[in-house]
2 protein chains.
Amino acid sequence: MRIAVDGMGGDYAPHNIVVGTVSALRENPRISRLYLVGDPARLQAELDRLQFRDSRLEIVPASEVIAMDDPPVQSVRRKPDSSMCRAIDLVKKRDADAVVSAGNTGALLTAAHLKLRTLDGVDRPGLAAVLPAPHNEFVLMDCGANLEPHPTNLVQYGIMGSLYARQILHYPNPRVAVLSIGSEDMKGNELTLEAHRLLKATGLNFVGNIDGHDLFDNVADVIVTDAFVGNAVLKACESTARVVARWLKQELKRNPVRMLGGLLARGAFRDLRRKVDPDEHGGAVLLGVNGVCIKAHGASSPLAVKNAIRLATEFVEGQFNEHIVEEMRRFHEKIGHNQLAQSPL
Amino acid sequence: MRIAVDGMGGDYAPHNIVVGTVSALRENPRISRLYLVGDPARLQAELDRLQFRDSRLEIVPASEVIAMDDPPVQSVRRKPDSSMCRAIDLVKKRDADAVVSAGNTGALLTAAHLKLRTLDGVDRPGLAAVLPAPHNEFVLMDCGANLEPHPTNLVQYGIMGSLYARQILHYPNPRVAVLSIGSEDMKGNELTLEAHRLLKATGLNFVGNIDGHDLFDNVADVIVTDAFVGNAVLKACESTARVVARWLKQELKRNPVRMLGGLLARGAFRDLRRKVDPDEHGGAVLLGVNGVCIKAHGASSPLAVKNAIRLATEFVEGQFNEHIVEEMRRFHEKIGHNQLAQSPL
């Protein structure tokens, strides 16, 4: 299994990227080759600091870097020799099975879509994130790839997200829902109402609409939505969890009794933090492109990078994309048959 | 000041509504009349249980109830004698200055829009909620009224939300932002990009785009968005805060040391809960209709009902709607002048 890592993408690149990559290589003997893409001198310096040598690791030079605030489409066009583009090129040329980047999200989505193209049967790729909840984890999709989607895109997210929940999260029969403004069937906008109607006919375990209040209540394992809503909701959840923790910390410092209480309870805070820490979850996956593409978040720690690489290996080993193509073929057949069945001829 | 309260709307009506209304009357001598609308027998029974008598309170009979899961538009049409419709009618006839309901949100938005109409200069009303953060509170608007908005609607939300932040939250120069998928100017969908462009020309203290990660970081006091996103984000924030609290409680029960810690720190949990409790915030306000309309949340406690009534009195006393009309007039003049200035004639 061969992984390409964008060595220069992310707020703490190349340091955190290299440290995470080294951990991944140490832990995972099934990685046969790891391409670390970027400025060779800087990458080698980080490796030297770790005194890491491994014949599986190969530095692939790239002279440019797409910055976190570069305009996505233009930067992909203007920086063909960027670490991100070169890493994706390795997948495109089939030298690597997967690409991992903590860099500019928009640029990664653009470059992966342009260079890798979509899988057979998939119209538009979507970004899938996994969120933790007390009684399940759930896939939220699309979190940022496709800003003006058609209802059929949401149906395809349902199919791909369902496969994600089945194969990677190990739910035997994942429940798929549409994120709307209420759980009743008739609630929503044009996009969600039509997606709802279409999802009923897919054969997926479709449980209907849910709203933002239901997210963590174990009512669905896959939640489909358009990129704008998914992105806003994902970030709102992350920032709420963060602000609650920060605020509680302030409150715990107000007097010595509370401070002692906080000290005694620190194991609880630590365990909860670990459960909700996005770094533990390995990043978001761009589903539907012809190649495995993992987006680690911009501020990724070495742990996040390591877990993003682990996630990439799970998608490659499970032949996830082959299964998507198969599911899509079945879906299009079913829809075709339905259309025939409904035809007056 | 005269307030109409929908006595039968909400998950715990009429009990919580009546208890909250009674507290509001006890605390606020400036309420000169309070119309409690609904089933007279049930409302009177609740009042008798509280042994409450007050000449300012008048029960207004209504024979129907719009249920929480009734289809909004149809129920408003088919249940003209519902407590909700009758309460709004009192504002329409100018017998009351404000209406408060914890009932079906969609029905309330529909009925208030239909019956009260919009204020001069406002094209579409929007639902404004206030969210707490460590260093400020902020207005999120629209949280559910207008599902297919035009960019100019978002501009008007900016103007109305800014007035809300100035007059009710007492920010002298509220910062207005557009919720998008990144803080850079060029990020967003067609709606937000155009709203961004228009907001720059309003003379508001417009600070540009923010994304879901920035919500609680004190970068904006008014955040405008379309109803679908606003609704999803508001509910996602509420459910995240709830799930973090629930989860932490579980973790604190795992062993005696943690339990003791939790006990000692309970003041911190209580203070934080009070700060983030939606019941403390009095509900959402439908801005832009000709009358004050407060939506308390469905599961409102008596405290939430009391605070929703308090919020209604603040809007009435501050002559909020007169100020909206004035701001809108000024805005349309300014835009008119700009158009003249740009005209080749």
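What counts, and at which threshold
Residues numbered from 1 in each chain as written. Chains lettered and ligands numbered in written order. Predicted model: local features only at pLDDT ≥ 70, side-chain atom pairs only at ≥ 80, totals over all residues. Pairing = 2+ DSSP bridges. Helix = DSSP H or I, 4+ residues; strand = E, 2+ residues; numbered from the N terminus. Axes fitted to C-alpha atoms, helices over the stretch in contact; angles between N-to-C directions. Contact = placed C-beta atoms within 7 Å. Least-squares fit on C-alpha atoms with pLDDT ≥ 70 in both. Domains from an automatic or database assignment. Nonpolar A, V, L, I, M, F, W, Y, C, P; charged D, E, K, R; others polar. Core = buried A, V, L, I, M, F, W, Y, C linked by C-beta atoms within 7 Å. Buried ≥ 20, exposed ≤ 12 C-beta atoms within 10 Å, placed from the backbone. Arc of directions from axis to C-beta. Parallel < 35°, antiparallel > 145°, perpendicular 65-115°, else oblique. Left-handed = near helix turned anticlockwise from the far one by under 90°.

Draft legend 1. Representation of the sheet that holds strand β1 (residues 2-6) of chain B within the structure. Residues and elements named next belong to chain B. Reading across the sheet, the eleven strands line up as β3-β2-β1-β4-β11-β10-β5-β6-β9-β7-β8 and stay open at both edges, with mixed pairing between neighbours. Because the sheet does not close on itself, it has two edges, and the strands there are β3 (57-61) and β8 (205-210). Averaged over all neighbouring strand pairs, the angle between strand axes comes to 25 degrees, with direction disregarded. Note: strand β6 (residues 137-141) against strand β9 (residues 222-224), three bridges, orientation parallel. Across the sheet, Val 139 pairs through a bridge with Val 222, a residue of β9. Packed onto the sheet, helix α5 (residues 105-116) meets β4 (98-101), β5 (126-132), β10 (284-287) and β11 (292-295) and runs at close to 175 degrees relative to β11.

Draft legend 2. Broad picture of the relation of the copies chain B and chain A. Screw-axis analysis of chain B against chain A gives a translation of 0.0 Å along the axis, an RMSD of 0.0 Å, and a rotation angle of 180 degrees. Look at the turn and shift together and you get a two-fold axis relating the two. It is Gly261(B) whose C-alpha, among those of chain B, lies nearest the rotation axis, at 1.9 Å. When you check the interface residues of chain B against chain A, 100% turn up at the interface there too, and the contact is symmetric in its surfaces.

Draft legend 3. Just the domain arrangement of chain A, in detail. Residue and element names in this part refer to chain A. What the domain assignment lists for chain A is domain 1 (1-122 + 288-345) and domain 2 (129-280). Here domain 1 and domain 2 have C-alpha centroids that lie 23 Å from each other. Contacts between domain 1 and domain 2 engage 20 residues on the former and 14 residues on the latter. Considering every element that reaches the side of domain 1 that touches domain 2, the biggest residue donor is helix α12 (residues 320-342), with eight residues. Tallied by class, the residues present in the side of domain 1 that touches domain 2 amount to eight nonpolar, nine polar and three charged.

Draft legend 4. Highlighting the nonpolar core. Counting 228 residues, the largest nonpolar core has Val5(A), Ala98(A), Ala312(A), Val5(B), Ala98(B) and Ala312(B) as its most contacted members. In this view, Val5(B) contacts Ile17(B), Thr21(B), Leu34(B), Tyr35(B), Leu36(B), Val37(B), Ala87(B), Val100(B) and Ile309(B); residues no more than four positions away in its chain are not counted.

Draft legend 5. Just helix α9 (residues 256-264) of chain A, in detail. Along α9(A), the residues classified as buried are Arg258(A), Gly261(A), Gly262(A) and Leu264(A). Seen end-on, α9(A) carries its buried residues on one side only, within an arc spanning 165 degrees. Those residues of α9(A) hidden inside the fold are in contact with α8 (227-252) and α10 (266-276) of chain A together with α9 (256-264) and α10 (266-276) of chain B.

Draft legend 6. Structural view of the interface of chain B and chain A. Contacts between the two partners involve 51 residues from chain B and, on the opposite side, 51 residues from chain A. Among the elements of the structure, α8 (227-252), α9 and α10 of chain B are those that each provide at least two residues to the side of chain B that touches chain A. Counting residues per element, the side of chain B that touches chain A draws most heavily on α8(B), at 21 residues. Of the residues assigned to the side of chain B that touches chain A, the class counts are 29 nonpolar, eleven polar and eleven charged.

Draft legend 7. Representation of the packing of α8(A) against α8(B). Contact pair α8(A) / α8(B): the axes reach a minimum separation of 8 Å and the direction vectors enclose 30 degrees. Taken together, the axes of α8(A) and α8(B) are roughly parallel relative to one another. Here α8(A) and α8(B) pass one another in a crossing that is right-handed. From α8(A), Phe228(A), Val229(A), Ala232(A), Val233(A), Ala236(A), Cys237(A), Thr240(A), Ala241(A) and Val244(A) reach across to α8(B), where they touch Phe228(B), Val229(B), Ala232(B), Val233(B), Ala236(B), Cys237(B), Thr240(B), Ala241(B) and Val244(B).

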